[in-house]
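# Structural description and commentary
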Amino acid sequence: MAFEAIALGDVDHFDDTTDVLVVGLGAAGASAAIEARQAGAEVLVLERASAGGGSTALSGGFIYLGGGTRVQTLNGIEDTAEDMFQYLLANSPESDPKKIRLYADQSVAHFDWLEANAARFDDGYYPHKHYEHASAESLAWTGNELVWPFRERAKPAPRGHKMPGKDDKHVGVGETGGGGQVMMEGLIATARRLGARFEYDANAKQLIVDPAGRVVGLRYTRFQEDFFVRARKGVVLATGGFGANQAMMDEYCPELASDTIVKIGSTYIEGVGHRLGVSAGGALEHMDGYFVTSPFYPPESLLKGILVNKHGVRFVAEDSYHSRSTAACLKQPDQIAYLIVDNAIFGRSEFPHELIDAWESVEEMEAGLGLPEGSLTRTLETYNRHAADDDDPEFHKYPKFVQPLVEPPFAAINCSIGTAPFMGFTLGGLKTSVKGEVLTAAGAVIPGLYAAGACASNLAYDSMGYSSGACIGESTFFGRQCGIAAAQAAE
Ligand SMILES: Cc1cc2nc3c(=O)[nH]c(=O)nc-3n(C[C@H](O)[C@H](O)[C@H](O)COP(=O)(O)OP(=O)(O)OC[C@H]3O[C@@H](n4cnc5c(N)ncnc54)[C@H](O)[C@@H]3O)c2cc1C
């Protein structure tokens, strides 16, 4: 069977030997390679593509970091590791609190590590609400920190730190030359300088396991040729997500599998690491979890509108982080959602969301959208009555986004699935310890096997609690833990 582990006794020769074998050269793999080299281990990295970078290199390069980073401090932002811990815990209640604690406690040190090994963050702070601001400032609000109930669980602070784009310029989502590419070029250059070796066009196929169940190597192919590598200390799986594998999407993540959502990322995110891990006894976690977005803002004024479903009923705080509001739209009956605005706050969404129409009265709009008679009128009447007192008792929108919608004409912007670009990626992966060791369903460590990044499950596990930067944050941070642990393992 494809991906089934090979018994060591069935391997008659090894083509190469190393201490730590890293599979995949994205954020997680490069970070593991750097730490393992710094700990004195020999490191070989296998990368299926002809160059490193993976999905990370396509990203804008936001990393979720806090607790008093250099850029936070420079901009007068007060933040503590405890507030960051409480925020992440509130957003990711199914994640392991030990991992969140470690990540929050070491976040400032991780920021420093990224500056030392990848690239320097811009000093600036972007205070507005945007899905990915086009200017150079690194620090931005990239989560639900100011959104109820999270703002009551932890003192809000901006924690998204964007890597600079090429020549300090910003480039759009998925384009080359963005912060993700700059970061990957930096990390790969560091790993190379430290003496890691790289094999490209190297497609990992099967783990090699000794009679005691320890992972001791791997078979890969380059085009038609087979290669066997011995790993004295451990194998680190860092092959990214599984958005490019339709069969796995259908089986594990059916909501994201829909044709109406574009799966973004590298061509090779086919879940190979997930399957290799399972072949050695590893368990998978949160496999139905995903990130999805189709942001209706900016302009920021649109956050003062209300989202209603096909029953004319509100369902989420409209000032939520964009993946939270998008995910909430997808949970509505028939996945239909409309953003209702009035003339005072109207603006065209930067993303190409359809402007359905404008009407002189709420009653006409209700009929025009085919909503049940009286439904939208009631919803708006209740919303406006409280908004007149800057209040939103139903969803507790942040006061600056609460304003009565009373000035005609009234417009509806279509936030239903398929009417604008929706995009997403997978979040589920191998169950791991805080050190990145791959675990069985019962929690036992599989000796010699580590995993990090999008093929492991660490901090981010669904869109409702996602904050931009959590993926690259966990990929780099837990990639480092894998590199450290593997390098320290006994041969
Ligand atoms: C457009 C876009 C924007 C994003 N923006 C952000 C953001 O701003 N902040 C954030 O936190 N997250 C963001 N994400 C998500 C984030 O980029 C990923 O979750 C994260 O980078 C995953 O890192 P990784 O190292 O696990 O995987 P990747 O970077 O995908 O690297 C995996 C590598 O493994 C290789 N590989 C796969 N299979 C094999 C095999 N069989 N053998 C050998 N090699 C193999 C792949 O070729 C690839 O190079 C974004 C994603 C996209 C697509």
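Please read all numbers here as calculations on a predicted model, not as lab measurements.

Time to look at the packing of aromatic side chains. Here the distance between the centres and the angle between the planes together describe a pair of aromatic rings. Counted according to the given criterion, the structure contains 14 aromatic pairs. Between Phe-111 and Phe-121, the ring centres sit 4.8 Å apart and the planes meet at 20°, which makes this aromatic pair stacked. Taken as a pair, Phe-111 in helix α5 (residues 107-117) and Phe-121 in the loop between α5 and β5 (125-126) lie far apart in primary sequence, ten residues in all. With relative accessibility at 1%, the residue Phe-121 sits in the buried group. Lying across the ring of Phe-227, Arg-222 places its NZ or CZ 5.5 Å from the centre.

This part is about the nonpolar core. Membership of the largest hydrophobic core comes to 62 residues, with the highest contact counts inside it found for Tyr-103 and Met-183. In this structure, Val-308, Val-316, Cys-329 and Cys-471 belong to the second largest nonpolar core, which totals 41 residues.

Once that is clear, we can look at the domain arrangement of the protein. Considered domain by domain, the protein is made up of domain 1 (1-292 + 423-491) and domain 2 (295-420). Here the C-alpha centroids of domain 1 and domain 2 sit 36 Å apart. Summing both sides of the interface, domain 1 and domain 2 together bury roughly 2200 Å²; the carbon and sulfur share of this comes to 64%. Of all residues in domain 1, the largest losses of buried area upon contact with domain 2 belong to Lys-129, Tyr-131 and Met-464, amounting jointly to 36% of the total for that side. Counting the contacts that link domain 1 with domain 2 gives eight residue pairs in polar contact (both at pLDDT 80 or more). Those elements that place two or more of their residues in the side of domain 1 that touches domain 2 are α6 (150-153) and β14 (290-293). By residue number, the principal contributor to the side of domain 1 that touches domain 2 is β14, which donates three residues.

The rules behind the values
- Residues numbered from 1 in each chain as written.
- Predicted model: local features only at pLDDT ≥ 70, side-chain atom pairs only at ≥ 80, totals over all residues.
- Heavy atoms only, no water.
- Phe/Tyr/Trp six-rings, centres within 6.5 Å; stacked < 30°, edge-to-face > 60°.
- Helix = DSSP H or I, 4+ residues; strand = E, 2+ residues; numbered from the N terminus.
- Buried < 20%, exposed > 50% of the residue type's maximum accessible area, 1.4 Å probe, protein only.
- Lys NZ or Arg CZ within 6 Å of the ring centre and 35° of its normal.
- Core = buried A, V, L, I, M, F, W, Y, C linked by side-chain atoms within 4.5 Å.
- Domains from an automatic or database assignment.
- Buried area = accessible area lost by both parts, 1.4 Å probe.
- Polar contact = N/O pair within 3.5 Å; in protein donor to acceptor, adjacent residues only side chain to side chain.

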